[in-house]
Amino acid sequence: VQLVESGGGLVQPGGSLRLSCTASGFTFSTYGMSWVRQAPGKGLEWVSTISSSGGGTSYVDSVKGRFTISRDNAKNTLYLQMNSLKPEDTAVYYCARVTVGWSHDYWGQGTQVTVSL
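In short, a report on the structure.

About the thresholds
- Residues numbered from 1 in each chain as written.
- Predicted model: local features only at pLDDT ≥ 70, side-chain atom pairs only at ≥ 80, totals over all residues.
- Heavy atoms only, no water.
- Helix = DSSP H or I, 4+ residues; strand = E, 2+ residues; numbered from the N terminus.
- Rg over C-alpha atoms; globule rule 2.2 N^0.38 Å.
- Buried < 20%, exposed > 50% of the residue type's maximum accessible area, 1.4 Å probe, protein only.
- Contact = heavy atoms within 4.5 Å.
- Areas by Shrake-Rupley, 256 points an atom, 1.4 Å probe, with all protein chains shown as cover.
- Lys, Arg positive; Asp, Glu negative; His and termini not counted.
- Charge placed at Lys NZ, Arg CZ, Asp CG, Glu CD.
- Disulfide = S-S within 2.5 Å.
- Phe/Tyr/Trp six-rings, centres within 6.5 Å; stacked < 30°, edge-to-face > 60°.
- Lys NZ or Arg CZ within 6 Å of the ring centre and 35° of its normal.
- Pairing = 2+ DSSP bridges.
- Polar contact = N/O pair within 3.5 Å; in protein donor to acceptor, adjacent residues only side chain to side chain.
- Core = buried A, V, L, I, M, F, W, Y, C linked by side-chain atoms within 4.5 Å.

Focus: the overall build of the protein
Next, step 1: Looking only at helices and strands, one finds zero helices and eleven strands in the protein.
Next, step 2: Along the protein, from the amino end to the carboxyl end, the secondary structure elements read β-β-β-β-β-β-β-β-β-β-β.
Next, step 3: Here the C-alpha atoms of the protein give a radius of gyration of 13 Å, agreeing with the 13 Å that 2.2 N^0.38 yields for 117 residues.
Next, step 4: The principal-axis extent of the C-alpha atoms belonging to the protein is close to 40 × 25 × 25 Å.
Next, step 5: Counting over 117 residues, the protein shows a buried share of 41%.
Next, step 6: In the protein, 51% of the contacts between residues at least 6 apart in sequence involve partners at least 24 apart.
Next, step 7: As displayed, the protein has an accessible area near 5800 Å², and 50% of this comes from carbon and sulfur atoms.
Next, step 8: Distance from the positive charge centre (9 side chains) to the negative charge centre (7 side chains) of the protein: 3 Å.

So, in structure tokens, the structure goes:
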């Protein structure tokens, strides 16, 4: 199993970024997937999860209305569209595979998102 994130970078407050996570080594279309972030000096924070088909999504309250999770099962790719970014969104963003009990068993290496002037 391999998960590779991309798309992070430096953006000004109010800006947008789209993160991607390319999956390999398993049948992507049969697993729910999540984005999880870790801000500097803080613990892991779940951000969003999408069902295997893409028909169901959920978000942490702090990103509702600003972030959109999606997936393309034909391309084995997970996305996170982030709009109206705030400095408090600064973190390393990880994609992770959902397993039994809504835990996560495989993680990518992470991509840095920095929101600053």
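Having seen the structure, we can now continue with the description.
A look at the state of the cysteines
Next, step 1: Inspection of every chain in the model, using the stated rule, returns one disulfide.
Next, step 2: Between Cys21 and Cys95 runs a disulfide, and the two sulfur atoms are separated by 2.0 Å. Disulfide Cys21-Cys95: the torsion about the S-S bond is 50°, which places it as right-handed. In this pair, Cys21 sits in strand S3 (residues 17-24) while Cys95 sits in strand S9 (residues 91-98), placing the two residues 74 residues apart along the sequence.

Focus on the packing of aromatic side chains
Next, step 1: Evaluation of the coordinates by the stated rule reveals three aromatic pairs.
Next, step 2: Judged by centre distance (5.4 Å) and plane angle (85°), the rings of Phe26 and Tyr31 are edge-to-face.
Next, step 3: By relative accessible area, Tyr31 is classed as partly exposed at 26%.
Next, step 4: Above the face of the Phe26 ring, Arg97 is positioned so that its terminal group lies 4.9 Å from the ring centre.

Some points on the pairing of strand S4 (residues 33-38)
Next, step 1: The element S4 is largely enclosed, with a buried count of five among its six residues.
Next, step 2: Between the end of S4 and the start of strand S5 (residues 44-50), which pair antiparallel, lie five residues, with Gly41 showing a positive phi angle near 75°.
Next, step 3: Where S4 meets S9, six bridges bridge the pair, whose relative direction is antiparallel. Pairing of Val36 across the sheet is with Tyr94, part of S9.

Examining the side chain of Thr77
Next, step 1: Following the sequence through the fold, Thr77 ends up in strand S8 (residues 77-82).
Next, step 2: Looking at Thr77, its side chain comes within polar contact range of the main-chain oxygen of Lys75, at 2.8 Å.
Next, step 3: Those residues in contact with Thr77 that lie beyond four places of it in its chain are Ser20, Cys21, Thr22, Phe28, Arg71 and Asp72.

Focus on the nonpolar core
Next, step 1: Ranked by internal contacts, the top residues of the largest apolar core, which has 26 residues, are Trp35, Phe67, Leu78, Leu80, Met82 and Tyr93.
Next, step 2: Listing elements by their share of this core, those giving two or more residues are S3, S4, S5, strand S7 (67-72), S8, S9 and strand S11 (111-115).
Next, step 3: Looking at this core element by element, the count peaks at four residues for S3.
Next, step 4: Setting aside residues up to four positions removed in sequence, Tyr93 forms contacts with Glu5, Leu19, Trp35, Val36, Arg37, Val47, Phe67, Leu80, Met82, Gly110, Thr111 and Val113.

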